[in-house]
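Take a look at the letters that make up each chain.
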2 protein chains.
Amino acid sequence: MRVTVLGAGYMGTAMATVAQKRGHEVTLWGTWLDDPMLDPVERGEPHPRLKLTLSGITTVHGHDVAELEKALRPAELVVCGVNSDGIAEVMRRAAPFMPNVPILSVTKGILENSAKKMERIDLVIGEILGRDPRYVHAAGPAKAMEVARDVLTWMCFAGPDARFCADALAGKTLLVTPTNDIAGAELCSALKNAYATGIGMWDGFVGAESHNARAASFAQAIAEMRTIVVASGGSADTVHGAAGVGDLHVTAAAGRNRAFGERIGRGEPAEKVAREMLAAGLLTEGYAAIATATRFAAERGITGLPLLAAINEIVWRGGDVAKTLGALTFG
Amino acid sequence: MRVTVLGAGYMGTAMATVAQKRGHEVTLWGTWLDDPMLDPVERGEPHPRLKLTLSGITTVHGHDVAELEKALRPAELVVCGVNSDGIAEVMRRAAPFMPNVPILSVTKGILENSAKKMERIDLVIGEILGRDPRYVHAAGPAKAMEVARDVLTWMCFAGPDARFCADALAGKTLLVTPTNDIAGAELCSALKNAYATGIGMWDGFVGAESHNARAASFAQAIAEMRTIVVASGGSADTVHGAAGVGDLHVTAAAGRNRAFGERIGRGEPAEKVAREMLAAGLLTEGYAAIATATRFAAERGITGLPLLAAINEIVWRGGDVAKTLGALTFG
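Residues numbered from 1 in each chain as written. Chains lettered and ligands numbered in written order. Predicted model: local features only at pLDDT ≥ 70, side-chain atom pairs only at ≥ 80, totals over all residues.

## A short note on the sheet that holds strand β3 (residues 57-60) of chain A
Neighbouring strands of a sheet are bound in pairs by backbone hydrogen bonds; such pairs are parallel or else antiparallel. Residue and element names in this part refer to chain A. Spelled out, the test is: If DSSP finds at least two bridges between two strands, the strands pair. Only DSSP runs of H or I covering at least 4 residues are called helices, and only runs of E covering at least 2 are called strands; the numbering of each starts at the N terminus. To obtain an axis, a line is fitted to C-alpha atoms, over the contacting stretch when the element is a helix, and the angle between two such axes runs from 0 to 180 degrees between their N-to-C directions.
What the eight strands build is an open sheet, ordered β3-β2-β1-β4-β5-β8-β9-β10; its pairing is mixed. Edge positions in the sheet fall to β3 and β10 (174-179), since each of these pairs with one other strand and no more. On average, adjacent strands in this sheet sit at an angle of 25 degrees to one another, irrespective of strand direction. Note: strand β5 (residues 103-105) against strand β8 (residues 135-139), three bridges, orientation parallel. Bridge pairing in β8 places L104 opposite V136.

Below, the structure written as structure tokens:
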């Protein structure tokens, strides 16, 4: 099968290596920001982020629309590894040539739609493409380095074409559960960054001996994610599987969003921490995710989210950490 | 209220401090093994495990049955902090004097009943007391050190008297969700030690870059715990709350059972690791929990537990780590 991957960062490139190992003919298209990723690869050096040498993968630079057309036209499966900041622009450029094939996307987040309302990415992409985008969201705990190195990974592909994508990419170490619940899977992926930041706050606020509080917040996060998912037409089962419980576990255990939360928990202002981490090359998706999740819930009148409210209060409204976390009550 | 706590180890003593802070009249009865805990406390020194000085708590040593009678007769609430190895013997000694009041127990595990079948602790205690034991199980992520230090903790009390116990002990930093689902709560507490050992194996087998595999196993553990709980008359909701998702999170994040799994994942024989850890004062509850969970499921014909089967194969049947973990498939 001819597979075209959009985005040559961590996850796009990891999925390209998976597709190539499954015997597909793979084209890896880098965005206009991805030259530093593709240039070394084209010199036969390791990918700068994945630290792996790629072979048998055609690379295409994203500055020229004609190149994008060439990469997309023959594709039988499109994989999107662009982050939520870039996906709308990539899809706008790709729209004239996008074949009517499934788009498997690892992009996590919630975007503003044309009516300026927070919405799931598949619906926003549908607006941009002007048709059913045949969008499949790839959720679940999948760090790119480990996917590329064949560490056991369990993903949840969600959408009407999920099984097609699973058949194309699943293997012995990449387990895939296909589901129709795209609402549940996308929301889990978007929400977990917000909640992981909140779980991390305890490390900063209490210190290492905050296991109980972190675990309580983990359980509460799952309950609140379920509330949001079910109110948005998704299924609780998705929250209780790899997409929810699994992905929140890995996000809360390690990584930038937890580190971001830890510094905020120590009393540093969120805006300053986000700025400093960004300057150090660490994108803290949790920062924006907290605001978008809060807006998403508010626009739909979803209530009963005390943990999200507390996280938003501290991160976006300058709320006092001790007072806000001290007033939390669950269950 | 007069509260008598049985067992002066970590968790019994922590619950005694909670009861004392709530204004109850607390008697802390140590088992025949607990002199090293009570002697320093009686000299006004900190409790050797909790590292806290207790005040206003009456201590009683457990060698003399008359003392046990004196401690139990006036109790309006009994709290049991004895571990699963000791609870049957403590209840046998206590049976003649046990008042007909709720017994709130943090004891985690599955015991052999009089028919030599693996059974929930509340049912085994009912056999020993010869009546409805008014047993309430306290589940959820609750490290004793943190409970005693008022770190936010969320527990699930399960049984017909759960609300009575919650009213007696819950507070601003000890949140309690009462439920009738004693089957679900007890099984979650017993199973999480088994599964945490399995999740820890990945750290030893793959190394630090095993986030995906650990998170996949975490999600699968929740799925398998749900299978066992529902097949045993419990509720999936319990698994998805503090008792299941929350407690598995804290157990898998840190602690002895995870460390036990990590060494097994590196290829060390489980029996040797358990022996060495025990000699170092570290009881690895996961070791026995894997066997009892496997027996519990087998005796009830519960199938569809590939992760538990793999853990049991490696830990109790000498199965090869790479081969067994490599053959795992979820979803």
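## Digging into the confidence of the model for chain A
If pLDDT is low for a region, its predicted coordinates should not be looked at in detail. Applied cut-off: Values of pLDDT, the confidence the predictor places in each residue, fall between 0 and 100.
Considering every residue of chain A, the mean pLDDT works out to 96; 100% of them sit at 70 or more. Interface confidence in the predicted complex, given as ipTM, is 0.96; pTM for the same model is 0.96.

## Describing the pairing of strand β4 (residues 77-80) of chain A
Residue and element names in this part refer to chain A. Note the cut-off: Any residue surrounded by 20 or more other C-beta atoms within 10 Å of its C-beta is treated as buried, while 12 or fewer makes it exposed and the intermediate range makes it partly exposed; C-beta atoms here are placed from the backbone. Handedness of a crossover: with both strands directed away from the viewer, a clockwise path from the first strand across the helix to the second marks it as right-handed.
The two faces of β4 match: L77 and V79 on one face and V78 and C80 on the other face are all buried. Bridging between strand β1 (residues 2-6) and β4 involves four bridges; their strand directions are parallel. Each residue of the ladder has a partner; that of V5, found in β4, is V79. The pairing of β4 with β5 spans three bridges and is parallel. Within β5, the position partnered with C80 by the bridge is S105. For the crossover that starts at β4, traverses helix α4 (residues 87-94) and ends in the parallel β5, the hand is right-handed.

## Considerations on the relation of the copies chain B and chain A
Put simply, the rule is: Overlaid copies result from least-squares superposition on C-alpha atoms, with residues included only where pLDDT is at least 70 in both. Note on contacts: each residue gets a C-beta atom placed from the backbone, and two residues are in contact if those atoms are within 7 Å.
With an axial shift of 0.0 Å and an RMSD of 0.0 Å, the rotation relating chain B to chain A amounts to 180 degrees. The two molecules are tied by a two-fold rotation axis, judged by turn and shift. Proximity to the rotation axis, assessed at the C-alpha, singles out B:H240 in chain B; its C-alpha lies 3.5 Å from the axis. In this assembly the copies share their binding face: 100% of the residues contributing to the interface of chain B also contribute to that of chain A.

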